[in-house]
Amino acid sequence: LYYSSFSLTWIIFLAWYFNDFNINNHFEMALIFISIFFTLFYIVLLSYKLHKKEMFNGDDVVLMLANAFIFYGLGYAIINAHPLGDSFLGLYTLFNAFIHFTVSVIVYRQKLADKNIFYLISGLVLTFLTIAVPVQLDGRYVTLVWSAEAALLFWIGRTKAVGFYEKISYVLMIISFISLIQDWQTVYSTYSVNVTDSRITPLWNINFLTSLLFIGSFLYINILFYSKKYATTSISIE
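Described in the following lines is the structure provided in the data block. Note that the structure is predicted; figures quoted are calculated from it, not measured.

1. Things to note about the environment of Leu219
Now for step 1: Following the sequence through the fold, Leu219 ends up in helix α8 (residues 206–226).
Now for step 2: Remark: the alpha-carbon pair of Leu219 and Ala151, spanning 68 residues in sequence, is separated by 9.2 Å.

2. Digging into a nonpolar patch on the surface
Now for step 1: A cluster of nonpolar residues, Ile174, Phe177, Ile178, Ile181, Trp184 and Tyr188, forms a patch on the protein surface that exposes about 560 Å² of accessible area.
Now for step 2: Topologically, Ile174 is positioned in helix α7 (residues 163–188).

3. A closer look at the packing of α7 against α8
Pairs of packed helices are described in terms of their axes, by the angle between the two and the distance that separates them.
Now for step 1: For the pair α7 and α8, the least separation of the axes is 11 Å and the interaxial angle reads 160°. With respect to each other, α7 and α8 are oriented roughly antiparallel. Between α7 and α8 the crossing geometry is left-handed. On the side of α7, the interface is formed by Tyr170, Met173, Ser176, Phe177, Leu180, Trp184, Val187 and Tyr188, while α8 contributes Asn207, Thr210, Ser211, Phe214, Phe218, Ile221 and Phe225.
Now for step 2: Each residue belonging to the contact of α7 with α8 can be placed in one class, and the counts come to 11 nonpolar, 4 polar and no charged.

4. Thoughts on the environment of His82
Now for step 1: When you line up the elements, His82 lands in the loop between α3 (58–81) and α4 (89–110).
Now for step 2: Along the primary structure His82 and Asn24 are separated by 58 residues, whereas in three dimensions their C-alpha atoms are 8.3 Å apart.
Now for step 3: Not counting residues within four places of it along the chain, the set of residues in contact with His82 comprises Ile23 and Phe27.
Now for step 4: Of note is the side chain of His82, whose polar atom sits 3.1 Å from the backbone nitrogen of Leu84.

Each value, and the rule that gives it
- Residues numbered from 1 in each chain as written.
- Predicted model: local features only at pLDDT ≥ 70, side-chain atom pairs only at ≥ 80, totals over all residues.
- Heavy atoms only, no water.
- Helix = DSSP H or I, 4+ residues; strand = E, 2+ residues; numbered from the N terminus.
- Patch = residues over 30% accessible without salt bridge, like charges linked within 9 Å, V, L, I, M, F, W, Y side chains within 5 Å.
- Areas by Shrake-Rupley, 256 points an atom, 1.4 Å probe, with all protein chains shown as cover.
- Salt bridge = Lys/Arg side-chain N within 4 Å of Asp/Glu carboxyl O.
- Axes fitted to C-alpha atoms, helices over the stretch in contact; angles between N-to-C directions.
- Parallel < 35°, antiparallel > 145°, perpendicular 65-115°, else oblique.
- Left-handed = near helix turned anticlockwise from the far one by under 90°.
- Contact = heavy atoms within 4.5 Å.
- Nonpolar A, V, L, I, M, F, W, Y, C, P; charged D, E, K, R; others polar.
- Polar contact = N/O pair within 3.5 Å; in protein donor to acceptor, adjacent residues only side chain to side chain.

Here it is as structure tokens:
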């Protein structure tokens, strides 16, 4: 019943959205309904698992991820369609992270045997926090925030023996490195000594500072990585 109601509810809403949605007439109503559907399915799935103390299986993971990203994707599209929506997309993304953070705190306090639930919801928190950066900021600040977030997660994972966070930090290291390369390409590919507007002040410019801070974050990660004080992490939230 849960699987069929979940699938049919979102299919019906998506069919209405793509065929009849009008930003001028349905903006508030659409946001209210996707919020109700998202909350309803989130609570039903989690409350049953928490009450029965059951382990999460593959179907549960798929449903939770689908519910989270359908809600985010539809909400993003609805807000973005509004004339003033661009200013609120980053806030909406952070709101999603806050929802999952609140749920992760509740799950953590339950001290469940199946810690995969906590890791899954924590992963959603980190995912939406990461998405919020490029949604709200420009490229250079994106690189700074991602590299700092990678260093922070690695520090938590290695010093607090939480392997989940350390593994997530590796993903962010790759993403921040790619972002840095894109920053370099954007800035230096347009540079020309003959074009005044494209000239860059040597050393004292935001691009060079971004690169230094990026290097600093990775230097800190390497110091922790090779430190004999902290052993390789294991999956634990204790």
